[in-house]
Amino acid sequence: MTQPQGRSEGYGAGFWRWGGLGAHDAVPALPVGTYAMNGNRGQFAVIVPGRNIIVIRRGFDLPAAPFAMPRFAAGVVATLDKITK
């Protein structure tokens, strides 16, 4: 999936572009080219093609307590990067 010039994040072709999201503490942001499908009440599929990673969450969130999926997915990618090097 290519990103329009001048836009790093946003919605397109049924997917959310998430490259650059999720950074926290010692965890870097999601890699450029990451995209996601967001389902109802906390269901997510995050695709990181540059690392051959797909992170799936089948959750049930209440509207007042959403799950921080970009942060979680960035942590998964960072952990996999550490253990596969």
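These notes cover the structure that comes with them. (Residues numbered from 1 in each chain as written. Predicted model: local features only at pLDDT ≥ 70, side-chain atom pairs only at ≥ 80, totals over all residues. Heavy atoms only, no water.)

## Let's talk about the pattern of salt bridges
Any two side chains of opposite charge can pair, so long as their charged atoms come close to each other.
No. 1: Scanning the model with the defined rule gives 2 salt bridges in all.
No. 2: D81 is paired through a salt bridge with R51; the nearest N and O atoms lie 3.2 Å apart. Here R51 lies in the loop between β4 (43-48) and β5 (53-58) and D81 lies in helix α1 (residues 69-83), a separation of 30 residues in the sequence.
No. 3: Overall, the relative accessible area of 17% leaves D81 in the buried class. (Salt bridge = Lys/Arg side-chain N within 4 Å of Asp/Glu carboxyl O. Helix = DSSP H or I, 4+ residues; strand = E, 2+ residues; numbered from the N terminus. Buried < 20%, exposed > 50% of the residue type's maximum accessible area, 1.4 Å probe, protein only.)

## Description of the environment of A73
No. 1: Mapped onto the secondary structure, A73 falls in helix α1.
No. 2: Classification of A73 as buried rests on a relative accessible area of 0%.
No. 3: Separated by 28 residues in sequence, A73 and A45 have C-alpha atoms that sit 9.6 Å apart.
No. 4: When near neighbours in sequence (up to four residues on either side) are disregarded, A73 contacts L30 and V46. (Contact = heavy atoms within 4.5 Å.)

## Comments concerning the environment of R17
No. 1: Here R17 lies in strand β2 (residues 15-17).
No. 2: C-alpha separation for the pair R17 and T34, spaced 17 residues apart in sequence, amounts to 6.2 Å.

## Re unusual backbone geometry
No. 1: Of note in this structure, R41 is not a glycine but carries a positive phi near 55°.
No. 2: Of note, N52 is a non-glycine position whose phi angle comes to about 55°, a positive value.
No. 3: Tracing the backbone shows N52 in the loop between β4 and β5.
No. 4: Note on N52: relative accessible area 75%, which makes it exposed.

## Describing the nonpolar core
No. 1: One finds W18, L30, V46 and M69 to be the most contacted residues of the largest nonpolar core, which totals 14 residues.
No. 2: Elements represented by at least two residues in this core include exactly β4, β5 and α1.
No. 3: For this core, the element with the highest residue contribution is α1, accounting for 5 residues. (Core = buried A, V, L, I, M, F, W, Y, C linked by side-chain atoms within 4.5 Å.)

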